[in-house]
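Examination of the molecular architecture
Chain by chain, the residues run as shown.
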Amino acid sequence: MSLDPDDPRPPYQQVSSALRAAILTKKFQPGDQLPSGPELAKHYGVARMTVGKALKLLQDEGLIITRPGSGSFVRERTERPVGLRPHLEAAFAKPQVTIDFAGFSSETLYNVMQEPLDKIRTGRLTPESITVRLLLPDTTVPMAVPVLVDGLRDDPALRERARTIATTNSAGIAHSVEVLAELGLIQTASVQVKVYQGSPLFKLYILNGTEAFFGYYPLRERTLTIDGETRTLYDVKGKDTTLFHHTAGPDDASTGSQQVQQSQEWFNSVWNTIAYERTP
């Protein structure tokens, strides 16, 4: 299997991407040993040094472990810190893509979606449909965070700032996905946004109903200047959230399957009961 000559990425990134996809689609199961360096070099038509750099990327992402003298093995992926980006790209390789997100603003999701969406525009990914549901806080009512440090008092200006961030990113996701259908690059596109009265202290992503990513928002004290007035507040640190990955396995009783199932049931229960359609 030779690499794509039209792919602008360096060969080691192409090799790591191919192996990553094979791991995430379970062609290689947790505990499986990957082919040796020479075998991979021959398979992809690259130098062994290129294979080494590709494996280092996967090791840094926590997808594999390398045992000196034994080789590289796929790590158990039920519960461990992960990066969302490579898993999201693998999810977009499926014909029907579904993404459920619950969290504060969907800013991270907007950013990591841009690369796979660009690959759809260039024909390198070809899903038939994309369905996105965003579950966000209602910023028109007082929230637990962001709040002023002094007395934990509500501040409409802080909520308006949070609303702007959430609205900008959710609208960006909607536009990015829906334009693909308008261009005929996918058959159907749907982006729905619902809000609820509460302040999320964790974020949750569910990809294609088979993978769940969960992480707690750390809180921090920070100072902002809004409309010329300085405010000291408590806020969430969304970009610093550590995500843990749960994958549904062939056994419904497995820990990964139960985590994904419970995450989906929780999301659906909130979505169908206390959430309502409104601009964040």
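Just so it is clear, the model here is predicted, and its values are computed rather than measured. (Residues numbered from 1 in each chain as written. Predicted model: local features only at pLDDT ≥ 70, side-chain atom pairs only at ≥ 80, totals over all residues. Heavy atoms only, no water.)

1. What about the confidence of the model for the protein?
- Chain-level statistics for the protein give a pLDDT mean of 88 and a share of 94% at 70 or above.
- Between the elements of the protein, mean pLDDT differs from a low of 54, seen in strand β3 (residues 81-82), to a high of 98, seen in strand β4 (residues 96-102). (pLDDT = per-residue confidence, 0-100. Helix = DSSP H or I, 4+ residues; strand = E, 2+ residues; numbered from the N terminus.)

2. Digging into the pattern of salt bridges
- Taken as a whole and judged by the stated rule, the model has 13 salt bridges.
- Put simply, R163 and E160 hold a salt bridge, and the shortest N to O gap is 2.9 Å. Here the residue R163 and the residue E160 both occupy positions in helix α6 (residues 156-182), the gap between them amounting to three residues, near one helical turn.
- Under the relative-accessibility criterion, R163 is labelled partly exposed at 25%.
- Put simply, R161 and D235 hold a salt bridge, and the shortest N to O gap is 3.8 Å. In this pair, R161 sits in helix α6 while D235 sits in strand β11 (residues 229-236), placing the two residues 74 residues apart along the sequence. (Salt bridge = Lys/Arg side-chain N within 4 Å of Asp/Glu carboxyl O. Buried < 20%, exposed > 50% of the residue type's maximum accessible area, 1.4 Å probe, protein only.)

3. A closer look at the sheet that holds strand β6 (residues 147-148)
- What the three strands build is an open sheet, ordered β6-β11-β10; its pairing is antiparallel. Both edges of this open sheet fall to β6 and β10 (219-226), since each of them pairs with a single strand only.
- With two bridges joining them, β6 and β11 adopt antiparallel strand pairing. Bridge assignment links L148 to a residue of β11, and that residue is L233.
- On top of the sheet, α6 reaches β6, β10 and β11; it is set at about 100° to β10, its chief contact. (Pairing = 2+ DSSP bridges. Contact = heavy atoms within 4.5 Å. Axes fitted to C-alpha atoms, helices over the stretch in contact; angles between N-to-C directions.)

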